[in-house]
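Chain by chain, the residues:
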Amino acid sequence: MSGPYADLTGTGSVLAAKMAAEDYVKATGSKLKVEIISADHQNKPDVGSSIARKWYDTEGVDMITDVPTSSVALAVSQVTTEKNKVNVNTGGGSSDLTGKSCSPNFVHWLYDTWMLAHGTGSAVVKSGGDSWFFLTADYAFGHALERDTSDVVKASGGKVLGSVKVPLGTSDFSSYLLQAQSSKAKVVGLANAGADFTNSVKQAAEFGIVKGGQKMAGLLVFITDVHGLGLQTAQGLQLTETFYWDHDDNTRAWSKRFAAANSGKYPSADHAGVYASVLHYLKAVDALQDDTDGKAIVAKMKAMPTDDILFGKGTIREDGRKLHPAYLFEVKKPSESKYPYDYYKLLQTIPADKAFRPLDEGGCPLVAKK
């Protein structure tokens, strides 16, 4: 609700969850009574886990969704497992959430650092960006994104020349950008997100980093970031997303309905993920006619194929990873944009079975050893 991720999650996520509950009951005639409540974890793991504990222990909450900031996501997942409730994460990115830290009470819906590294990272290396320097958000998400992207760069024959850790919510990136500039790396990899990402791009423009011949690679970019930067600044950026509002007639119709209720602002992928994940959760609860056993609900969510108007048909694996296609986009030039939020052109569709880490490579203890 506050801080660098407020635009891409925040009140838009609460709206998306409410829309999902209303749409589900209307479409199915279900007798479920659904109440949506929200809180601000301030990107702090201790605040997030204490909210989760209070919600589960005294406020009758059955399921928590969204939870941006991987350090908070990991903490909330732990409390959820302990209390046998349900956590469907859309906002946190660390691939460890379905790897060594996976849980039978957890589903990871939208994206993760492995997907981003193999989408954007490998595309940038293939187009000649074979030496990298990272500006890395100094917590679980940034560390995982740098690790997963470094693996891709090295596996593709590239080199990582260095990295610098940047505190979450930094406003002045000048000393970090100077280190990136002096590294002479072809690519400055931005392992950050939200306002941290937009601030680092704006300040890099002031330093003339792109004019000096280095390329900026945004490893996690949302449409809210592109909107904040404007096409003049963001044009040419490559990014990987699993949802874009202008994908087809269904996504357009839903997004216009969302924007009408959201002061004209179009949905981020995270808002779409919240909507779709709440729908699937409600289907599982309705099928079981029971909302008390979190493990049983997640098992049911995994057993039922996913199908919604925003992500289409998909599945949830035994490690909790939701599978759907990912899309490599390039941000349009201002002259190419024809209407509000017309920001992306599609470069490549990455099929669901290739977009995410292979099941046997994550180290999730729930995955049966073959």
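These lines cover the structure that appears in this document, whether it is placed above or below.

**What to know about the sheet that holds strand β4 (residues 131-137)**
Thinking step 1. With respect to topology, four strands assemble into an open sheet ordered β5-β4-β6-β7, the strand pairing being parallel. Of all the strands in the sheet, the pair left with one neighbour each is β5 (159-166) and β7 (215-218). Direction aside, the axes of adjacent strands within the sheet are offset by 20° on average.
Thinking step 2. With seven bridges connecting them, β4 and β5 associate as parallel partners.

**Describing the pairing of strand β1 (residues 63-66)**
Thinking step 1. Bridge count for β1 against strand β2 (residues 86-89) is four bridges, and the pairing is parallel. By the bridge assignment, D66 is partnered in β2 with N89.
Thinking step 2. Handedness of the crossover joining β1 and β2 through helix α3 (residues 70-83) is recorded here as right-handed.

**Overview of the pattern of salt bridges**
Thinking step 1. A complete count under the given rule lists 17 salt bridges for this structure.
Thinking step 2. E330 is the salt-bridge partner of K345, the closest N and O atoms lying 3.8 Å from each other. Pair noted here: K345 is in strand β13 (residues 344-350) and E330 is in strand β12 (residues 326-331), with a separation of 15 residues, a long-range link.
Thinking step 3. Taking the shortest distance from any N to any O, the salt bridge between E336 and K345 comes out at 3.0 Å.
Thinking step 4. We classify E336 as partly exposed; its relative accessible area is 25%.
Thinking step 5. One continuous salt-bridge network, built from bridges that share partners, spans D96, R147 and D148.

**As for the packing of aromatic side chains**
Thinking step 1. Enumeration according to the criterion identifies 17 aromatic pairs in this entry.
Thinking step 2. Measuring from centroid to centroid gives 5.4 Å for Y341 and Y343, while their planes differ by 35°, and the two rings are tilted. For the residue pair Y341 and Y343, the accessibility class agrees, reading buried in each case.
Thinking step 3. Put simply, the rings of Y244, W245, Y266, Y327, F329, Y339, Y341, Y343 and Y344 pair up and form one aromatic cluster.

**Some words on the sheet that holds β2**
By definition, the strands of a sheet pair up through backbone hydrogen bonds, in either a parallel or an antiparallel sense.
Thinking step 1. Within the open sheet, the three strands sit side by side as β1-β2-β3. Their pairing is parallel. Two strands bound the open sheet, and with one partner strand each, they are β1 and β3 (106-108). Recorded for the sheet is a direction-independent mean angle of 10° between the axes of neighbouring strands.
Thinking step 2. Sheet contacts for helix α11 (residues 269-288): β1 and β2; angle to β1, the most-contacted strand, approximately 155°.

**Structural notes on the state of the cysteines**
Thinking step 1. For the coordinates displayed, the defined rule picks out one disulfide.
Thinking step 2. Two residues, C102 and C364, share a disulfide whose sulfurs are 2.0 Å apart. With the S-S dihedral at roughly 85°, the linkage between C102 and C364 falls on the right-handed side. One end of the pair, C102, is in the loop between β2 and β3; the other, C364, is in the segment after α13 (352-355), with 262 residues separating them in the sequence.

The rules behind the values
Residues numbered from 1 in each chain as written. Predicted model: local features only at pLDDT ≥ 70, side-chain atom pairs only at ≥ 80, totals over all residues. Heavy atoms only, no water. Pairing = 2+ DSSP bridges. Helix = DSSP H or I, 4+ residues; strand = E, 2+ residues; numbered from the N terminus. Axes fitted to C-alpha atoms, helices over the stretch in contact; angles between N-to-C directions. Right-handed = clockwise from strand over helix to strand, strands pointing away. Salt bridge = Lys/Arg side-chain N within 4 Å of Asp/Glu carboxyl O. Buried < 20%, exposed > 50% of the residue type's maximum accessible area, 1.4 Å probe, protein only. Phe/Tyr/Trp six-rings, centres within 6.5 Å; stacked < 30°, edge-to-face > 60°. Contact = heavy atoms within 4.5 Å. Disulfide = S-S within 2.5 Å.

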